[in-house]
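Working through the structure, step by step
Below are the chains, spelled out letter by letter.
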Amino acid sequence: MKTFVFVLFTLVSTVTYPLQTHADKMPCTIALDPINKGLKNAKGSALIYEVQLKTSSIARTNISILGAHLPTPSSYGQYDSYEGYATIPNEISWRFRMYPTPEEDGPTWAGRFDLITADIKNVKVQVRLSNSKTEKLGPPVLQGVIKTCN
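What counts, and where the lines are drawn
Residues numbered from 1 in each chain as written. Predicted model: local features only at pLDDT ≥ 70, side-chain atom pairs only at ≥ 80, totals over all residues. Heavy atoms only, no water. Pairing = 2+ DSSP bridges. Helix = DSSP H or I, 4+ residues; strand = E, 2+ residues; numbered from the N terminus. Phe/Tyr/Trp six-rings, centres within 6.5 Å; stacked < 30°, edge-to-face > 60°. Buried < 20%, exposed > 50% of the residue type's maximum accessible area, 1.4 Å probe, protein only. Core = buried A, V, L, I, M, F, W, Y, C linked by side-chain atoms within 4.5 Å. Contact = heavy atoms within 4.5 Å. Polar contact = N/O pair within 3.5 Å; in protein donor to acceptor, adjacent residues only side chain to side chain.

A word on the pairing of strand 9 (residues 136–149). As paired strands, strand 1 (residues 28–34) and strand 9 are joined by two bridges and run antiparallel to one another. Note on strand 9: the bridge partner recorded for P34 is L142. Linkage of strand 8 (residues 120–131) to strand 9, two consecutive antiparallel strands, is achieved through a turn of four residues, within which E135 is found at a positive phi near 60°.

See below:
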């Protein structure tokens, strides 16, 4: 009888609470690594989570990006800032300004975007060079990919 109860409990537990494989629950974080491996100190991170901006609206997804020890944007040419860029290839992309902090050894760049309604699957997240006057987006400096975050 004890064996029957144990097997029944195990079966019910397995069916009721299946394992989530290959899926992260929100919030999710990913590391952003330099494209140019010569930038050994440059790193970043992206935090993805659900936000409720107004009590009467539906929840949205936020992507917040931080980049540390990045080179001065002008060292790459006609760039003066960085932008966060996230894309689901062949579907949608989001870009947003990143702002520097006033630190002694160079700024940390950070920014966020709060209005995402798409499912976060196979999203490429980047820190890219930007020219704020021409709004030209340059090449990526940091990059990471998140497979699934729900």
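From this point, things continue past the structure.
Let's shift gears to the packing of aromatic side chains. One pass over the full model with this rule turns up two aromatic pairs. Look at F96 and F113: their rings are 6.3 Å apart centre to centre, the planes differ by 15°, and that puts the pair in the stacked class. Here F96 is found in strand 5 (residues 92–97), whereas its partner F113 is found in strand 7 (residues 109–116), with 17 residues between them in sequence. Its relative accessible area of 7% is what places F96 among the buried residues. The class for F113 is partly exposed, based on a relative accessible area of 23%.

This brings us to the sheet that holds strand 6 (residues 99–100). Taking strand neighbours across the sheet as the criterion, the nine strands line up as 5-4-8-9-1-2-3-7-6 in an open arrangement whose pairing is antiparallel. Single-partner strands in this sheet number two, and they are strand 5 and strand 6. Of the pairings in the sheet, the one linking strand 3 (residues 60–68) to strand 7 comprises six bridges and is antiparallel in character. What sits directly across from I65, in strand 7, is G111.

Moving on to the pairing of strand 1. Within a regular beta strand, the side chains point alternately toward one face of the sheet and then the other, so they alternate between its two faces. As defined by bridge partners, strand 1 adjoins strand 2 (residues 43–51) across five bridges and the pair is classed as antiparallel. Directly across from L32, in strand 2, lies its bridge partner G44.

Another point: the nonpolar core. Of all hydrophobic cores here, the largest spans 28 residues; its most connected members are I65, L70, Y82, V125, V127 and I146. Residues contacting I146, with those up to four places away along its chain left out, are C28, I30, I48, I120, K121, N122 and V123.

Now for the environment of D33. When you line up the elements, D33 lands in strand 1. Here the alpha-carbon distance between D33 and S45, two residues 12 residues apart in the chain, equals 8.5 Å. Residues within four places of D33 in sequence aside, it is in contact with K43, V141, L142 and Q143. Within the structure, the side chain of D33 is placed 2.8 Å from the side chain of K43, a separation counted as a polar contact.

This part covers unusual backbone geometry. Positive phi outside glycine occurs at H69, with the angle close to 55°. As for its placement among the helices and strands, H69 is situated in the loop between strand 3 and strand 4 (81–88). Positive phi, normally seen in glycine, also occurs at N90, with a value near 65°. If you trace the backbone, N90 turns up in the loop between strand 4 and strand 5.

Everything listed here is a matter of geometry and, on its own, says nothing about what the molecule does.
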